[in-house]
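Tertiary structure, described
Here's the letter readout for the chains.
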Number of protein chains: 2
Amino acid sequence: MTKFAQKICVACQPDAKPATQSEIDMFLTDNPEWSLVVTGTVKSIEKVYKFSSFADALRFTNLVGEIAEQEGHHPAITTEWGRVGVQWWSHKIANLHLNDLILAARCDQRYAKM
Amino acid sequence: MTKFAQKICVACQPDAKPATQSEIDMFLTDNPEWSLVVTGTVKSIEKVYKFSSFADALRFTNLVGEIAEQEGHHPAITTEWGRVGVQWWSHKIANLHLNDLILAARCDQRYAKM
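What you are looking at is a predicted structure, and each value in this text was computed from that prediction instead of being measured.

Comments concerning the relation of the copies chain B and chain A
- The transform that puts chain B on chain A rotates by 180° and translates by 0.0 Å along the axis, for an RMSD of 0.0 Å. Accordingly, the operation relating the two chain copies is best matched by a two-fold axis. Rotation axis and chain B: the residue whose C-alpha lies nearest the axis is B:T78, separated from it by 2.1 Å.
- Most of the interface of chain B is mirrored in chain A, where 100% of its interface residues are also at the interface.

Have a look at this one:
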């Protein structure tokens, strides 16, 4: 889990290269609860985190928000009673960037500490 | 907007009656930015609120969370940069309950105060 979480995010520009298939494969091997989603030409990764209340789910939503604001890169976070879905992709390149893999791994780290 | 927001929620049991078509029609007339969504036999209502930052979107997510916790009835809230999608339905009856219309209207009230 820590391999990706400890990498450093770089500013993502519209001409940035997407994550390579090798990077994606390595991420999914290290973090098997994340799923690759392909919608048309857009790749994203998503995971559902489980909780025992709405309050805990919302607390995690705010922690993911902190991770996102720290790097200026934001996922879609779906908060429900007992679950939070997190989906990462890079709007600027309409694809997965290495940043998405890094911040997804940081979400796992934060969840493990709750 | 205030008509539904000022109604009182009642505990929703599995045998509770869903909102009537007349109630739904009245709600959608009063709150035209909400859409009725029918997925199989499950009805829900949803709306996307717009913001000028991620922080404001997350702030509204927390306000919707407060509304939900006050009544012990919880929507799905999707937080992204600049937008929050809110979807209300009643899991216990797998349908729309009057409570959903009331809490949706309260979300609009809270948004108007931001």
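Some words on the pairing of strand β3 (residues 76–80) of chain A
- Most of β3(A) sits out of view: four of its five residues are buried.
- Note that β3(A) and strand β4 (residues 83–88) of chain A share five bridges and pair antiparallel. Opposite A:A76, over in β4(A), you have A:Q87 as the bridge partner.
- In terms of strand pairing, β3(A) meets strand β3 (residues 76–80) of chain B through three bridges, oriented antiparallel. By the bridge assignment for β3(B), A:I77 is matched with B:T79.

Description of helix α3 (residues 54–71) of chain B
- Taking 1.5 Å per residue as the helical rise, α3(B) with its 18 residues ought to reach 26 Å, and the 26 Å between its terminal C-alpha atoms agrees with that figure.
- Those residues of α3(B) that sit buried are B:F54, B:A57, B:L58, B:F60, B:T61, B:L63, B:V64, B:G65, B:I67 and B:A68.
- Next to the buried residues of α3(B) lie α3 (54–71) and β3 of chain A together with β2 (42–50), β3, β4 (83–88) and α4 (98–113) of chain B.
- N-capping of α3(B) is provided by B:S53, with a side-chain oxygen placed 3.4 Å from the backbone N of B:A55.

Structural notes on the interface of chain B and chain A
- Opposite the 17 residues of chain B that make contact, chain A presents 17 residues.
- Of the roughly 1300 Å² buried between chain B and chain A on both sides combined, carbon and sulfur atoms contribute 63%.
- Taken together, chain B and chain A are joined by zero salt bridges.
- Linking chain B with chain A are four residue pairs in polar contact (both at pLDDT 80 or more), by the criterion used here.
- Elements represented by at least two residues in the side of chain B that touches chain A include exactly α3 and β3 of chain B.
- Considering only residue class, the side of chain B that touches chain A consists of eight nonpolar, seven polar and two charged.

Details of the environment of B:Q21
- Within the secondary structure layout, B:Q21 lies in helix α2 (residues 21–30).
- Remark: the alpha-carbon pair of B:Q21 and B:L96, spanning 75 residues in sequence, is separated by 10.0 Å.

A few points about the side chain of A:S44
All names here are of chain A.
- Looking at where S44 falls in the secondary structure, it is placed in strand β2 (residues 42–50).
- For S44, a relative accessible area of 2% gives the class buried.
- Those residues in contact with S44, other than ones at most four positions away along the chain, are S35, L36, V37, Q87, W88, W89 and L96.

So, the packing of α3(A) against α3(B)
- For the pair α3(A) and α3(B), the least separation of the axes is 11 Å and the interaxial angle reads 175°. In terms of orientation, α3(A) lies roughly antiparallel with respect to α3(B). Mapping the contact onto sequence places A:F54, A:A55, A:L58, A:T61, A:N62, A:G65 and A:E69 in α3(A) and B:F54, B:A55, B:L58, B:T61, B:N62, B:G65 and B:E69 in α3(B).
- Residues that form the contact of α3(A) with α3(B) fall into these classes: six nonpolar, six polar and two charged.

Definitions and cut-offs
- Residues numbered from 1 in each chain as written.
- Chains lettered and ligands numbered in written order.
- Predicted model: local features only at pLDDT ≥ 70, side-chain atom pairs only at ≥ 80, totals over all residues.
- Heavy atoms only, no water.
- Least-squares fit on C-alpha atoms with pLDDT ≥ 70 in both.
- Contact = heavy atoms within 4.5 Å.
- Buried < 20%, exposed > 50% of the residue type's maximum accessible area, 1.4 Å probe, protein only.
- Helix = DSSP H or I, 4+ residues; strand = E, 2+ residues; numbered from the N terminus.
- Pairing = 2+ DSSP bridges.
- Expected span 1.5 Å × (residues − 1).
- Polar contact = N/O pair within 3.5 Å; in protein donor to acceptor, adjacent residues only side chain to side chain.
- Buried area = accessible area lost by both parts, 1.4 Å probe.
- Salt bridge = Lys/Arg side-chain N within 4 Å of Asp/Glu carboxyl O.
- Nonpolar A, V, L, I, M, F, W, Y, C, P; charged D, E, K, R; others polar.
- Axes fitted to C-alpha atoms, helices over the stretch in contact; angles between N-to-C directions.
- Parallel < 35°, antiparallel > 145°, perpendicular 65-115°, else oblique.

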